[in-house]
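Single-letter residue listing:
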Amino acid sequence: MSLRFYDTSARQVRDFTPLREGCASLYLCGATVQAPPHIGHIRSGVNFDILRRWLEYRGYRVVLCRNVTDIDDKIIHVAAAEGVEWWEVAERNQRAFTSAYDILGCLPPTVEPRATGHVPEMIELMHRLIDRGHAYPAGDGSGDVYFDVRSFPGYGELSNQRIEQMRGACDTADDGGKRDPRDFALWKGARPGEPSWDTPWGRGRPGWHLECSAMSTKYLGSSFDIHGGGLDLVFPHHENETAQSKAAGDGFARYWLHNGLLTMSGEKMSKSLGNSLLIPQMVRKVRPVELRYYLAQAHYRSVIDYSDDALYEAAAAYQRIEGFLTRASEVAGTVERAAEVPDAFAEALDDDLGASQALAVVHGLVREGNTAIAEGAKERLAELGGRVRAMLDVLGLDPFSETWSASGSGSGLRDVVDSLVAVALDQRQAARRRKDYVAADAIRDQLLAAGIVVEDTPRGPRWELRRD
Ligand SMILES: [Zn+2]
């Protein structure tokens, strides 16, 4: 079976054949940094991190370009409301996004270009479009530059719409200089008090869509393999990106992958709803790895309707896997990650990244593993545990990986705490042996007050950090 993805443009699942053998180039629309991210924003990061990891497992060298939109109407509005510079808002929120991606265990992109660093590339692209008759400077002297949607026969193909049925772009203060209200702004003429850059058509700032075409071409070439983003970006953003680039003569994206949205009670996440789901708040409810599991477990194209209950269920499911691996390493001595994942797991991910089917394979092996623990079958256990770790690694969820063993309590600290708890537990065992249950209970209570839960098992006491 070959690797295949649902391509939004073709509206069907297609076998993945890269432009260059052994390489996969991937452009992902990243953050518009006007506010810190809620989990709806980060879902895309997690979904495409799994795609990247799977491509790498399949032997591809992946070049991932994820942009930052650091100039935009919303950023300018936030800055004006706060009385600070636009770049302060952009910097602050870009840091919040970077931190959120790190917290969720997303590997950093190969390159993370910012829109304002690529104005010359945007001007060059506008020149090409104007020369070919697909763009024009506004007729009203506003300094806007528009894309002429009627000049490009493929306009509407990605989002499967007919041009006659589309509404106006409504992306500039005044549509007066447009030939057709559906023409969209490549460049927005300068307005008083707003940031602007020089162009042959006057000062102004980039339109959102133009940035992504300019940056993807600069880093990935005029044709590249996969363009990703959230489903809400298909129109107008991606439709406009592909129209610009193709009209300018570039091949552009060969596959379009879109992740489903995260809703709350069926509604798209608004700012007020989203505020309750900012990443720092979320990682007080569950651990970061559990939050990643929650976002990763659904198929990337499905809608996730957020609820606390579903989040806690996901956390419990992850703890079952993690608990198995901890016990397996205790019983078998050590559990080394296997070099290869089981076939059923690989088939699930090859088939349009079927993460939920892939996790079903993980849970199946965990059940087998728990039987092996009950039977004390050490070799079998080491083998099953190793396969579970290999699968979790591909999903970025291996609890023994550096990312997660470090984020729990600090990798070095875990050993220190382990030794200290062992001392306390020895004293508790000694108190029990002399039937001093008051002293034994007091030690357990002191550990609990320090955030350490002790569980007595047939193999002796185990501990873990308390989670409230
Ligand atoms: Zn984009």
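All figures in this text were calculated on a predicted structure; none of them were measured in a lab.

Enquirer: Go over the sheet that holds strand 12 (residues 267–268), please, and point to the residues and values.
Expert: With mixed pairing, the 3 strands of this open sheet are ordered in space as 12-11-13. Both outer strands of the open sheet, strand 12 and strand 13 (304–306), are each paired with one neighbouring strand and no more. In this sheet, strand 13 lies alongside strand 11 (residues 262–264) in parallel orientation, the contact comprising 3 bridges. Bridging across to strand 13, Thr-263 finds its partner in Asp-305.

Enquirer: Could you give me a rundown of the UniProt feature "short sequence motif: 'HIGH' region" (unreviewed entry) in the protein chain, with the residues and numbers involved?
Expert: The UniProt record marks residues 31–41 with the feature "short sequence motif: 'HIGH' region" (unreviewed entry), using the residue numbering of this structure. Along residues 31–41 the backbone is 27% helical and 0% strand, and the end-to-end C-alpha distance reaches 8 Å.

Enquirer: If you had to explain the UniProt feature "binding site: ATP" (unreviewed entry) in the protein chain to someone new, which residues and values would you point to?
Expert: Per the UniProt record, "binding site: ATP" (unreviewed entry) is found at Lys-271. Looking at where Lys-271 falls in the secondary structure, it is placed in helix 7 (residues 271–275).

Enquirer: For the sheet that holds strand 9 (residues 223–230), give the residues involved together with the corresponding values.
Expert: Strand order in the open sheet formed by 4 strands is 4-3-9-10, and the pairing between neighbours is parallel. On the outer flanks of this sheet lie strand 4 (61–66) and strand 10 (252–259), each paired with one strand and no other. Strand after strand, the sheet turns through a mean of 25° between neighbouring axes, direction not considered. The pairing of strand 9 with strand 10 spans 7 bridges and is parallel. Each residue of the ladder has a partner; that of Gly-228, found in strand 10, is Leu-257. The sheet strands contacting helix 1 (residues 39–57) are strand 3 (23–28), strand 4, strand 9 and strand 10, and the helix crosses strand 4 at an angle near 160°. Each of strand 3, strand 4 and strand 9 touches helix 5 (residues 208–220); the most contacted strand, strand 4, lies at about 155° to it.

Enquirer: So what's going on with the pairing of strand 9? Residues and values would help.
Expert: Where burial is concerned, most of strand 9 is hidden: 7 out of the 8 residues are buried. Once you follow strand 9 into helix 6 (residues 234–247) and on to strand 10, the crossover reads as right-handed.

Enquirer: Hey, could you go over the confidence of the model for the protein chain for me, with residue numbers and the actual values?
Expert: Mean pLDDT over the protein chain stands at 93; residues scoring 70 or higher make up 97%. Counted against residues more than four places away or in other chains, residues 407–411, with its pLDDT under 50, gives 8 contacts.

Enquirer: Help me get a handle on the packing of helix 1 against helix 9 (residues 288–297), residues and values and all.
Expert: If you want to describe how two helices pack, look at the angle between their axes and the distance between the axes. One can describe the packing of helix 1 onto helix 9 by two numbers: an axis separation of 9 Å at closest approach and a directional angle of 75°. On the basis of the axis angle, helix 1 is roughly perpendicular to helix 9. Where helix 1 approaches helix 9, its residues Ile-39, Arg-43, Val-46 and Ile-50 are matched on the opposing element by Arg-292, Leu-295 and Ala-296. Partitioning the contact of helix 1 with helix 9 into residue classes produces 5 nonpolar, no polar and 2 charged.

Calculation notes
- Residues numbered from 1 in each chain as written.
- Predicted model: local features only at pLDDT ≥ 70, side-chain atom pairs only at ≥ 80, totals over all residues.
- Pairing = 2+ DSSP bridges.
- Helix = DSSP H or I, 4+ residues; strand = E, 2+ residues; numbered from the N terminus.
- UniProt positions renumbered as here; feature names shortened; annotations may be inferred.
- Axes fitted to C-alpha atoms, helices over the stretch in contact; angles between N-to-C directions.
- Contact = placed C-beta atoms within 7 Å.
- Buried ≥ 20, exposed ≤ 12 C-beta atoms within 10 Å, placed from the backbone.
- Right-handed = clockwise from strand over helix to strand, strands pointing away.
- pLDDT = per-residue confidence, 0-100.
- Parallel < 35°, antiparallel > 145°, perpendicular 65-115°, else oblique.
- Nonpolar A, V, L, I, M, F, W, Y, C, P; charged D, E, K, R; others polar.

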